[in-house]
Amino acid sequence: QEGASGDHLYVITEGLMDCYKDIDGVQTCVKTCQRGDLFGELALLYNCPRAASVVSRETSVVWELDRETFNNIVMEAVQRKRAQCSTVLRRVPLFAEMSTSELET
């Protein structure tokens, strides 16, 4: 529901879902989501109210991901990326002797 707090992200595995926003007092379909699309991520990423209301157009199947699991997945991805960057930087002679904290900043 647009404006509600959001603690979950949804991934569509089957079906079609319409995203509605209140624009000048009129509920307007701003996007149709299909298999492979996700919604609800903005509320998790930015800790803000839901940006739109989502209504199933047909029988649909969605996977629900809670905030804690989402944050763990994001943190793991960030840590992997940092490790990759650190490995590459350590191969450059100029950066080889730097501490980990110096490389990360």
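Residues numbered from 1 in each chain as written. Predicted model: local features only at pLDDT ≥ 70, side-chain atom pairs only at ≥ 80, totals over all residues. Heavy atoms only, no water.

### Brief notes about the sheet that holds strand β4 (residues 38-39)
At step 1: As summarised here, the arrangement of the 3 strands in space is β4-β1-β6, forming an open sheet in which the pairing is antiparallel. Each end of this open sheet is capped by a strand with a single partner; those strands are β4 and β6 (61-66).
At step 2: Bridge count between strand β1 (residues 8-14) and β4: 2 bridges; the pairing is antiparallel. Residue Y10 lies in a different strand from β4, and its bridge partner there is F39. (Pairing = 2+ DSSP bridges. Helix = DSSP H or I, 4+ residues; strand = E, 2+ residues; numbered from the N terminus.)

### Section: the sheet that holds strand β5 (residues 53-56)
At step 1: The antiparallel open sheet is built from 3 strands, whose spatial order is β3-β2-β5. Two strands in the sheet have a free side with no partner beyond their single neighbour: β3 (26-33) and β5. The sheet shows a mean angle of 35° between the axes of neighbouring strands, direction not considered. (Axes fitted to C-alpha atoms, helices over the stretch in contact; angles between N-to-C directions.)

### A look at unusual backbone geometry
At step 1: Backbone geometry at D24 places phi at a positive 55°, although glycine is not the residue there.
At step 2: With a phi close to 50°, N47 is a non-glycine residue in the positive phi region.
At step 3: Mapped onto the secondary structure, N47 falls in the loop between α1 (41-46) and β5.

### Overview of the packing of aromatic side chains
At step 1: Scanning all chains against the criterion turns up 1 aromatic pair.
At step 2: Ring geometry for Y10 against F39: centres 5.2 Å apart, planes inclined by 25°, an arrangement best described as stacked. Here Y10, found in strand β1, pairs with F39, found in strand β4; they are 29 residues apart in sequence, far enough to count as distant.
At step 3: Using a relative accessible area of 13% as the deciding quantity, one classes F39 as buried. (Phe/Tyr/Trp six-rings, centres within 6.5 Å; stacked < 30°, edge-to-face > 60°. Buried < 20%, exposed > 50% of the residue type's maximum accessible area, 1.4 Å probe, protein only.)

### Remarks on helix α2 (residues 67-90)
At step 1: Look at α2: 34 Å from first C-alpha to last across 24 residues, which is about the 34 Å you get at 1.5 Å a residue.
At step 2: Put simply, D66 is the residue that caps the front of α2, since its side-chain oxygen is 3.1 Å from the backbone nitrogen of E68. (Expected span 1.5 Å × (residues − 1). Polar contact = N/O pair within 3.5 Å; in protein donor to acceptor, adjacent residues only side chain to side chain.)

### Looking at the pattern of salt bridges
At step 1: Per the counting criterion, the structure on display carries 3 salt bridges.
At step 2: A salt bridge links K21 to E2, with the shortest nitrogen-to-oxygen separation between them at 3.6 Å. Residue K21 is located in strand β2 (residues 17-23), and its partner E2 is located in the segment before β1; the two are separated by 19 residues in the primary sequence.
At step 3: Given a relative accessible area of 28%, K21 falls into the partly exposed group.
At step 4: Taking relative accessible area as the criterion, E2 reaches 27% and is therefore assigned partly exposed.
At step 5: Across the pair D7 and R67 runs a salt bridge whose closest N-O atoms are separated by 3.4 Å. With D7 in the segment before β1 and R67 in helix α2, the pair connects residues that are 60 residues apart, well separated along the chain.
At step 6: Take R67: its relative accessible area is 21%, and that puts it in the partly exposed class. (Salt bridge = Lys/Arg side-chain N within 4 Å of Asp/Glu carboxyl O.)

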